[in-house]
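Read off the chains here:
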Amino acid sequence: MIEFTKEQEMRDMRQECRVWTGLMVEAWYWSNYAHATDYLPTTLVLDLQEVYFRCRHSGVDNASSISLLGFLVLRAKMLRCSEVDVNSIVEYFLTYAQIGKINYAQTWIEIYLEEVI
């Protein structure tokens with residue numbers, strides 16, 4: 001079995017992140033979220049990259065889960081949630097994602113975001 005060095009793994013992860021971020025940016029701008037196009041492109045990319053790397057470093061590798069969290073974070077930021085709140089959303093999601101309870105986390109985060117509105 002071929003083993004990759006840490007450098008090769010990080011390079012691969014960065015490449016995957018670029019592809020995933022590109023798809024997410026497109027999906028975000030074509031989404032039905034109110035004012036989605038108001039999100040500055042550079043900020044959008046940076047926020048998505050942060051979500052991607054936090055997920056991967058937490059052991060959440062499933063692209064669907066990472067994408068779901070990405071959209072939740074973008075919605076929270078569009079609703080002007082504080083960085084503390086956004087960080088709490090991410091930590092809450094990752095905690096439940098690691099034990100396979102993504103739907104549970106999603107439901108409660110969406111309830112929270114509805115209350116913010």
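For the structure, check the block above.
Residues numbered from 1 in each chain as written. Predicted model: local features only at pLDDT ≥ 70, side-chain atom pairs only at ≥ 80, totals over all residues. Heavy atoms only, no water.

**A look at the packing of helix 1 (residues 6-29) against helix 2 (residues 41-57)**
Pairs of packed helices are described in terms of their axes, by the angle between the two and the distance that separates them. The contact between helix 1 and helix 2 brings their axes to 9 Å, and the two run at 130 degrees. Viewed along their axes, helix 1 and helix 2 adopt a mutual orientation that is oblique. Two packed elements cross with a definite hand, and for helix 1 against helix 2 that hand is right-handed. From helix 1, Met13, Arg14, Glu16, Cys17, Trp20, Thr21, Met24, Val25, Trp28 and Tyr29 reach across to helix 2, where they touch Pro41, Leu44, Val45, Leu48, Gln49, Val51, Tyr52, Phe53, Arg56 and His57. Taken together, the residues that form the contact of helix 1 with helix 2 break down as 14 nonpolar, three polar and three charged. (Axes fitted to C-alpha atoms, helices over the stretch in contact; angles between N-to-C directions. Helix = DSSP H or I, 4+ residues; strand = E, 2+ residues; numbered from the N terminus. Parallel < 35°, antiparallel > 145°, perpendicular 65-115°, else oblique. Left-handed = near helix turned anticlockwise from the far one by under 90°. Contact = heavy atoms within 4.5 Å. Nonpolar A, V, L, I, M, F, W, Y, C, P; charged D, E, K, R; others polar.)

**Focus on the pattern of salt bridges**
Here the structure, examined in full by the defined rule, presents seven salt bridges. The partner of Lys77 in a salt bridge is Asp47, with the nearest N and O atoms 3.3 Å apart. Highlighted residues: Lys77 in helix 3 (residues 63-78) and Asp47 in helix 2, separated in sequence by 30 residues. For the pair shown, Lys77 and Asp47 are each scored as buried. Note that Arg56 and Asp61 form a salt bridge whose closest N and O atoms lie 3.0 Å from each other. Salt bridges sharing common partners tie together Glu16, Arg56 and Asp61. (Salt bridge = Lys/Arg side-chain N within 4 Å of Asp/Glu carboxyl O. Buried < 20%, exposed > 50% of the residue type's maximum accessible area, 1.4 Å probe, protein only.)

**Details of the packing of helix 4 (residues 83-97) against helix 5 (residues 102-116)**
Interhelical geometry of helix 4 versus helix 5 gives an angle of 160 degrees and a closest axis separation of 8 Å. Here helix 4 lies roughly antiparallel to helix 5, going by the angle between them. The interaxial crossing formed by helix 4 with helix 5 has right-handed handedness. Facing helix 4, whose interface residues are Asp85, Ile89, Tyr92, Phe93, Tyr96 and Ala97, helix 5 presents Ile102, Tyr104, Ala105, Trp108, Ile109, Tyr112 and Leu113. Here the contact of helix 4 with helix 5 is built from residues that sort into 12 nonpolar, no polar and one charged.

**So, the packing of aromatic side chains**
Taken as a whole and judged by the stated rule, the model has nine aromatic pairs. Following the ring pairs from residue to residue traces out a cluster consisting of Trp28, Tyr33, Tyr39 and Phe71. (Phe/Tyr/Trp six-rings, centres within 6.5 Å; stacked < 30°, edge-to-face > 60°.)

**Quick notes on the nonpolar core**
By size, the foremost hydrophobic cluster in this structure holds 33 residues, and its most contacted members are Leu69 and Phe93. When residues of this core are traced back to their parent elements, those giving at least two are helix 1, helix 2, helix 3, helix 4 and helix 5. Looking at this core element by element, the count peaks at eight residues for helix 3. Leu69 has contacts with Val51, Cys55, Val90, Phe93 and Leu94, leaving out every residue within four places of it along the chain. (Core = buried A, V, L, I, M, F, W, Y, C linked by side-chain atoms within 4.5 Å.)

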